[in-house]
Amino acid sequence: MKRILFLLPLGLFIIVAGYFAWQLLYGRDPRIIPSALIGNPVPETELPPLKDDKPGFGRADFGSPDAEKAPVLVNVFASWCGPCRAEHPFVTALAKQESIEVYGLNAKDNRQAALDWLRDLGDPYAKIGFDPQGKAVLDWGVYGYPETYLVNGRGEIVFKHVGPLYPDLIERELLPRIRALKGEG
Amino acid sequence: MIAEIGHFAMTLALGLALFQAILPMAGAARGEPRWMKLAEPAAIGQLACLLVAFVALTNAYVTSDFSVRNVVENSHSLKPLLYKVSGVWGNHEGSLLLWVTVLALFGALVAVFGRKLPPGLKARTLSVQAMIAVGFLLFTLLTSNPFERMIPAPLEGRDLNPLLQDPGLAFHPPMLYIGYVGLSVVFSFAVAALIEGKVDAAWARWVRPWTLLAWSFLTAGIALGSWWAYYELGWGGFWYWDPVENASFMPWLLATALLHSAIVVEKRDTLKTWTILLAIMAFSLSLIGTFLVRSGVLTSVHAFASDPDRGIFILLLLAISIGGSLALYAWRAPTLTAGGLFRPISREGALVLNNLLLAAAAGTVFLGTLYPLFLEVVTGDKISVGPPYFNATFVPIMIPLLIALGVGPLMPWKRGDLPQALRILTAAFVGAVAVTAVTAVAILGELGYALIGFAVAAWLVGAAATELWRRAKPTSRVSAGDAFGRLFKLSRASWGMTAAHVGVAIVVAGATGTTLLTAELITKTRPGETVTLGGYAFTLEDVTEARGPNYGAQRGTFTVREEGTVGGGQVLTAERRVYVASGQETTEAGIGSSMMRDLYAVIGDSDGSGGYTIRLYVKPLAPWLWIGSALMVLGGLLSLSDRRLRIGAPVRSGTASATSAPAPAE
């Protein structure tokens, strides 16, 4: 019995090392984050507005197979998140130049802090949903902050990017998809 | 040419390390004193070689030798000299060279200052130390050679990440490495003791100074990193619970536990197997910290300097060193004899509680850092664990630890009496309650957590002061005046402990003030306008363009006065820098410190019509974080300088004692 106790640290280490080995040899690149939601309709979650003068959003704000609408970008942000600040100019530019509506999903944030943040940096969002408890975050399958989803006219998520947007990614991944969606619609 | 000399010196160091790993160990096993003796010159030679290599790389940086790939990738000819030098360890290859150099430094220190160690233990310790060196020198030479040439040589380098071009961060890695690698000595001692099958009070006495040294530097390194995050990232936070911070925090927690459990081994000859395990785990977590987390393997194996070979190599090294030592532990530790028994309420009991709580805290941080990854392997789910997790798990473990910290030092060994110990602490307790009441009135009970934080801090200070006073005045027969005189004759270890414990209290108070009582304001303002926050009036005097050696900056000057006063005031200078080579921006917060608070200002974007976004904070007690950390380091070093640690082992008489240098090794 006593022996087993002394073997415990070794056992735990083997588990940890095994994990590292598995990850190293067979793991896929963890930076690529698959989303179970890709190709699926956006979640049903109804999000209350962050601002008094701007609506929140919910399922009805996206298109559906029966009633198509314009494609939408959903951008998850929070005032406490440094990279969100870094990507903000690109989100703003996208909203302006690509004439695509961007919905903001303000998550796990304090309302006043978020309002200050938007006043400080500018507000490019067409609608902003407020999710202080992070419930919608779970429904959307948010992995990290910031995160951006592209939703097509039928209300299906077609693309997702975890982490801040940057020009190269926007050029290579996002714009072609947005333009393709618009071409369809 | 100089780069080739450096490369050659590293190879030579590998040869010496191989030699040092094998011969002394074999000598100790076969009882060959001459073989065992060889460990010393080998350890010193290894250090000499690595110093040559390190100087060679530093030379390449200082002279901006762009034929060396490593210099091209991490330096720039316009960079100030300080950052050319700190660029040496601001990258993977160079930091590895620093790591093995510090490892050799510690080996040589044991060789030189460990004169009074039993020859067998010394030979084995140095041999284990050399085994670690062999592994990491091989890794450096085979996969991460800092001396690799680049032909043709480019005209200019790509510059060091501007965030790292900062005095705080220039010295952060060497400090941290001395701490991490210092734990290697303790690890080597533990493995050597397992091989010998003997752990006794003398062993603990030899190990404790090395733990203290490593702990002091680790504390300083972590504090420097935290200070850097505080003023450079511009968000006013000092701890973000990110994996890199956690990686340095886990070994610190275990080193703290080890520091305390070694006392029990020394004084009471018990808790041996636990202490050995702590020694192994503290260094193992340092290894995991330096090599897995810092290189990004934790978040992404593929990010490991984009070279999977390195990942496999490192994993093998870790498996051999950590797995090997833990296997040795499982095999040999059960044979170590247990020492004296003790009651749960006793000094030992308190130290065991300290150890359990610290280990639990380290486990909590470990889980928080790794759990998301494990979960992903098992279920494929991705989750993120952030500050809320750590606040919910780490803080509740710390509170009982801090309360017990007050009582522990007052308990007698073997068998104590809790009510009696508590009676002694009445004054401290009353003080704590008084501060609690004052705080409660001041903030109207709004922030319960702040209250608890300050109460715990006051409790700690009171208890530490009481304990020190009781040492000076052990019975009522000693008059207060005499006791005051005796205070200054107390051992440095006593003062060291008191200083470190008071340091913890000050850090707790600082962290409480900084996180819970901060006033914050983000607003737009024009030069000449005044904004008030937390009782202070911040005036943005002007915004000018400034030039540094390798960056351009927008510099905002603020004058801060207490609200309602005119004239005087404190001047804060905040900058936003854009670095020439990379175009990357950094913020330099303008910070005005006084004993009771920091004023903190950050200048942001211009709105194009003369207004600027500014971020202001008033952070009560923020300087206490650094004062408390410094006090902890000071406590560690004071304790390290105590004569008893140097003289512990029986001194040989006559000629032998003439050679025993007074050094902290014994």
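Residues numbered from 1 in each chain as written. Chains lettered and ligands numbered in written order. Predicted model: local features only at pLDDT ≥ 70, side-chain atom pairs only at ≥ 80, totals over all residues.

Here's the deal with the overall build of chain B
- Counting its secondary structure elements, chain B contains 22 helices and nine strands.
- A burial count over chain B gives 50% of its 666 residues as buried.
- Restricting to contacts in chain B with at least 6 residues of sequence separation, those with at least 24 account for 75%. (Helix = DSSP H or I, 4+ residues; strand = E, 2+ residues; numbered from the N terminus. Buried ≥ 20, exposed ≤ 12 C-beta atoms within 10 Å, placed from the backbone. Contact = placed C-beta atoms within 7 Å.)

Describing the pairing of strand β2 (residues 101-107) of chain A
Residues and elements named next belong to chain A.
- Here β2 lies mainly inside the structure; six of its seven residues are buried.
- Sheet analysis places strand β1 (residues 72-77) next to β2, joined by six bridges and oriented parallel. In the sheet register, V76 faces β2, and the bridge partner there is L105.
- Of the strand pairs in this sheet, β2 and strand β3 (residues 127-131) are connected by five bridges, and their pairing is parallel. Within the sheet, the bridge partner assigned to L105 lies in β3 and is G129. (Pairing = 2+ DSSP bridges.)

A word on the sheet that holds strand β5 (residues 157-162) of chain A
All names here are of chain A.
- One open sheet holds the five strands; their spatial order is β3-β2-β1-β4-β5, and the pairing between them is mixed. Each end of this open sheet is capped by a strand with a single partner; those strands are β3 and β5. Across this sheet, the average inter-strand angle for adjacent strands is 15°, counted without regard to direction.
- Bridge count between strand β4 (residues 147-151) and β5: five bridges; the pairing is antiparallel. By the bridge assignment for β5, L150 is matched with F159. (Axes fitted to C-alpha atoms, helices over the stretch in contact; angles between N-to-C directions.)

Re helix α3 (residues 111-121) of chain A
- For α3(A), the complete set of buried residues consists of A114(A), W117(A), L118(A), D120(A) and L121(A). Buried residues along α3(A) cover an arc of 160° about the axis, so they all sit on one side.
- Elements that come into contact with the buried residues of α3(A) comprise α2 (82-97) and β2 of chain A together with β1 (519-525) and β9 (612-620) of chain B.
- Once α3(A) finishes, G122(A) follows within two positions and takes phi at roughly 100°, a positive value. (Arc of directions from axis to C-beta.)

Some points on the domain arrangement of chain B
All names here are of chain B.
- Annotation of chain B at the domain level lists domain 1 (1-165), domain 2 (171-336 + 347-381), domain 3 (389-514) and domain 4 (519-620).
- Contacts between the two partners involve four residues from domain 2 and, on the opposite side, nine residues from domain 4.
- Each residue belonging to the side of domain 2 that touches domain 4 can be placed in one class, and the counts come to one nonpolar, two polar and one charged. (Domains from an automatic or database assignment. Nonpolar A, V, L, I, M, F, W, Y, C, P; charged D, E, K, R; others polar.)

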